[in-house]
Amino acid sequence: MVRLIPRLHAPPPPPPRVPAGLPLPLLPAPALAATLLEAVSSSPSLPHLRHLHALAVRLPLPATSLPFLLSRLLRRLAALPPPPHAPLPYALNVFSAVSPPDPFLAAALLRFAFLTQPPLLPFRVFSHLRRAHGAELPFLPFAFSTLAKSATASRSLPAAAAAHAVSVLVGGFDRHRFVENSLIGAYVACGDVGAARKVFDEMVEKDVISWTSIVVAYTRSGDMRSAEEVFGRCPVKDMVAWTAMVTGYAQNAMPVKALEVFDRMAELGMVIDEVSLTGAISACAQLGALRRAAWVQEIAERTGFGNNVVVGSGLVDMYAKCGLIDEASKVFYGMQEKNVYTYSSMIAGLASHGRASEAIALFKEMVNRANVEPNHVTFIGVLTACSHAGMVGEGRYYFAQMKDKYGIMPSADHYACMVDLLGRAGLVDEALDLVRSMSVTPHGGVWGALLGACRIHGKSEIAKVVAEHLFKLEPESIGNYVLLSNILASAGKWEEVSKVRILMRKQRLKKDPAVSLFEGRDGLVHQFFAGDNAHPRTHEIKKALLELVAKLKLEGYVPILSSIVYDVNDEEKERLLMGHSEKLALSFGLLTLGSGCTIRITKNLRICDDCHLFMRLVSRVESVEIIVRDNMRFHHFKNGECSCGGFW
DNA sequence: CTAGGGTTAG
């Protein structure tokens with residue numbers, strides 16, 4: 001192509017001044033417009049764009065070309081790094097270059113306002129245009145989509161309703177499919193399922209986007225049954241629709257379902273992208289399922305999605321939760337781009353594995369070297385790290401820093417961490433004072449942390465007071481009753497224990513049965529309940545366990561009978577202890593893997609004192625590494641020591 | 001122009 005405006009393409013960008021003598025356009029008008037458009041799309045800077053703008057409004061372009069060209073110019077302007085590169089007045093100036101006011105350019109202007117913050121700017125621009133031009137300027141459907149999008153971004157219900165209203169009143173476009181879809185999206189973002197559903201139900205022409213939006217409306221509100229029902233009726237499902245279900249299950253703590261749907265969509269030949277993979281990763285993290293995790297990792301590597309920040313951060317979290325903290329580290333340090341999620345996941349992972357000093361070192365690296373701004377979740381990780389390691393001074397320091405240096409107001413969750421920190425360290429009274437001085441209402445987590453502290457330090461009187469609060473806040477949470485009754489039992493207050501038992505019975509609460517999982521070499525997950533004889537090799541397991549106990553007793557093992565909170569004789573207590581599910585799992589692990597191996601056990605409840613001691617001794621005597629994930633954290637047993645330092 | 005993404009807690 002002959003270039004008659006050669007300077008348009010010449011890097012470096014020309015000066016902003018419009019040259020006095022413009023070259024005469026010898027190209028036919030459409031080709032001229034195309035050339036300018038191309039130049040606009042690749043324009044490197046604001047001065048360059050201004051120059052093109054000046055050219056464009058002077059050249060004899062075809063009538064419809066100028067608004068289109070200028071709309072592209074606005075889009076380019078909004079995309080220039082770092083935004084907002086262009087102030088709104090300049091964009092308005094671009095808009096007024098065309099007379100009469102052009103609807104297409106008006107929509108582009110709204111889009112520009114949306115892209116350059118703040119989220120509700122399009123509404124202001126819209127009112128401005130209405131005031132300035134009235135009925136002279138009609139609006140196109142996508143102008144209303146942008147308003148709805150703006151409401152979506154600000155998650156403001158009044159804004160969503162306003163976008164809805166003007167689509168009807170000004171545009172008459174509430175029946176336009178794209179507009180309806182964006183309105184649904186806006187209502188979903190604001191959490192108004194009813195309004196979203198109403199728009200959806202009244203739609204004449206629903207497409208897969210409308211259906212998916214409603215599925216998401218339900219998954220976000222935690223109503224998976226309705227989500228399933230809508231998804232089932234959706235006539236054509238694409239990858240995004242399937243992914244909405246995968247992440248819906250993952251977000252609602254149904255990881256097994258999430259993986260089932262993920263498998264199903266893969267079977268159907270759906271393309272797996274980084275978003276669907278993220279959902280599967282989150283599900284694996286929740287399950288702590290090592291083999292599924294390895295399989296997901298393989299997909300991530302094969303597809304190259306492992307380089308994506310979200311996928312990478314998910315992998316870090318997943319490995320940490322599967323017990324492979326070093327693998328998590330490896331992924332973390334291999335990532336090129338790291339953000340606050342990446343760091344927070346790694347910090348929380350290190351904290352849950354008892355590697356407090358590394359967690360804190362990483363936090364320092366994050367803020368000092370990487371310049372990544374920490375958020376409220378980051379501090380949860382930092383504070384739990386301190387708490388699990390008994391680092392009271394550091395915890396206080398970071399709690400203060402969070403407020404003073406980073407302007408993050410402590411939430412009830414942060415207070416729960418602090419209460420846990422102080423309480424574990426034996427400062428139970430100070431913890432109680434902290435709860436009483438809180439600026440937000442304490443929730444179950446805060447009182448629960450305090451009750452945990454009472455358990456560790458045998459404060460049965462404070463425990464009774466604390467439990468009162470807990471029973472009010474969480475009447476159906478079984479763990480609180482069990483904890484209180486354990487505390488009372490340890491103090492020998494058997495009459496009060498039976499009162500708690502009666503209370504539990506009245507509430508018709510049943511204990512969650514204790515269960516331990518062990519993933520065998522074959523990839524099968526073996527499940528052991530306390531006192532369970534259901535495993536096909538139960539005789540071998542029991543026999544090996546008895547031999548093991550005898551061996552440990554020679555090494556000085558004395559069962560911690562106080563871990564049994566029933567008022568039974570010592571012999572019975574010991575028998576119950578030997579039936580604990582993690583001991584069965586351990587025995588089976590030793591039987592199948594032999595000494596020198598690593599045994600991973602996942603347990604649904606907190607590991608008891610006796611099992612903890614038992615694991616420590618076995619790790620030394622049998623030269624094995626044992627990794628137990630209980631409902632609180634990870635315990636790495638090696639050479640007779642545990643990574644939690646006896647602090648859990 | 002319209003739909004799907006990750007981290008936290010006793």
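Look up a bit, the structure's there.
About the cut-offs
Residues numbered from 1 in each chain as written. Chains lettered and ligands numbered in written order. Predicted model: local features only at pLDDT ≥ 70, side-chain atom pairs only at ≥ 80, totals over all residues. Heavy atoms only, no water. Pairing = 2+ DSSP bridges. Helix = DSSP H or I, 4+ residues; strand = E, 2+ residues; numbered from the N terminus. Contact = heavy atoms within 4.5 Å. Axes fitted to C-alpha atoms, helices over the stretch in contact; angles between N-to-C directions. Phe/Tyr/Trp six-rings, centres within 6.5 Å; stacked < 30°, edge-to-face > 60°. Buried < 20%, exposed > 50% of the residue type's maximum accessible area, 1.4 Å probe, protein only. Near = heavy atom within 4 Å. Polar contact = N/O pair within 3.5 Å; in protein donor to acceptor, adjacent residues only side chain to side chain. Nonpolar A, V, L, I, M, F, W, Y, C, P; charged D, E, K, R; others polar. Parallel < 35°, antiparallel > 145°, perpendicular 65-115°, else oblique.

Visitor: What exactly am I supposed to notice about the sheet that holds strand β2 (residues 525–529) here?
Guide: Remark on secondary structure: sheet strands pair via backbone hydrogen bonds, oriented parallel or antiparallel. A sheet is described by the order of its strands in space; here 6 strands give the open sequence β2-β1-β3-β4-β5-β6, paired in mixed fashion. If you trace the sheet from one side to the other, it starts and ends with β2 and β6 (641–642), each paired once. In terms of strand pairing, strand β1 (residues 515–519) meets β2 through 5 bridges, oriented antiparallel. Of the residues in β2, the one forming a bridge with Leu517 is Gln527. This element, helix α32 (residues 609–621), spans β3 (598–603), β4 (625–629), β5 (634–638) and β6 of the sheet and lies at about 35° to β5.

Visitor: How should I be thinking about the packing of aromatic side chains in this particular structure?
Guide: Counted according to the given criterion, the structure contains 20 aromatic pairs. Consider the rings of Phe104 and Phe142, whose centres lie 5.9 Å apart with planes at 80°: the pair is edge-to-face. Of the two residues, Phe104 sits in helix α5 (residues 103–115) while Phe142 sits in helix α7 (residues 141–154), which places them 38 residues apart along the sequence. With a relative accessible area of 28%, Phe104 lands in the partly exposed category. The partly exposed category is assigned to Phe142, whose relative accessible area is 35%. Judged by centre distance (5.7 Å) and plane angle (85°), the ring pair of Phe518 and Phe588 falls under edge-to-face.

Visitor: I keep staring at the environment of Phe379 and nothing clicks. Help me out?
Guide: Within the secondary structure layout, Phe379 lies in helix α21 (residues 376–389). When its relative accessible area of 0% is taken as the criterion, Phe379 is described as buried. When the C-alpha positions of Phe379 and His176 are compared, they lie 46 Å apart, and in sequence the two are 203 residues distant. Setting aside anything within four residues of it in sequence, one finds Phe379 in contact with Phe363, Pro374, Tyr398, Met402, Tyr406, Ile408 and His414.

Visitor: Explain unusual backbone geometry here, please?
Guide: When glycine is set aside, most residues are seen to have a negative phi, and most peptide bonds are trans. Here the residue pair Ser99 and Pro100 is connected by a cis peptide bond, since its omega of 0° sits within 30 degrees of zero. Topologically, Pro100 is positioned in the loop between α4 (88–95) and α5. A positive phi angle is found at Ala253, which is not glycine, with a value near 60°.

Visitor: Any chance you could explain the protein's contact with DNA strand B here in plain terms?
Guide: Neighbouring DNA strand B are 53 residues, the closest being Phe142, Asp238, Lys321, Asp413 and Gly444. When atoms of DNA strand B within 4 Å of the protein are sorted by moiety, sugar and phosphate together comprise 45%. Within the side chain of Asp273, an N or O atom sits 2.9 Å from a base nitrogen of DNA strand B. A distance of 2.5 Å is found between a phosphate oxygen of DNA strand B and a side-chain nitrogen or oxygen belonging to Lys321. Along the lines of polarity and charge, the residues of the surface near DNA strand B split into 19 nonpolar, 22 polar and 12 charged.

Visitor: What is the right way to look at the side chain of His48 in this model?
Guide: When you line up the elements, His48 lands in helix α2 (residues 46–58). For His48, a relative accessible area of 4% puts it in the buried group. At 2.8 Å, the side chain of His48 forms a polar contact with the side chain of Ser43.

Visitor: I would appreciate a short explanation of the environment of Ala196 in the present structure.
Guide: Note that Ala196 resides in helix α10 (residues 193–202). In this structure Ala196 comes out as buried when scored by relative accessible area, which is 0%. Sequence separation between Ala196 and Gly185 is 11 residues; the distance between their C-alpha atoms is 7.5 Å. When sequence neighbours within four positions are dropped, the list of residues in contact with Ala196 reads Ile184, Tyr187, Val188 and Ile214.

Visitor: What am I meant to see in the packing of helix α29 (residues 538–554) against helix α31 (residues 581–593) here?
Guide: Two quantities define a packed helix pair, namely the angle between the axes and the distance from one axis to the other. At a minimum axis distance of 9 Å, the contact between α29 and α31 shows a crossing angle of 95°. The orientation of α29 with respect to α31, classified from their angle, is roughly perpendicular. Residues Glu540, Ile541, Lys542, Ala544, Leu545 and Leu548 of α29 lie in contact with α31, whose contacting residues are Lys583, Leu584, Ser587, Phe588, Leu590 and Leu591. Its residues assigned to classes, the contact of α29 with α31 shows 8 nonpolar, 1 polar and 3 charged.

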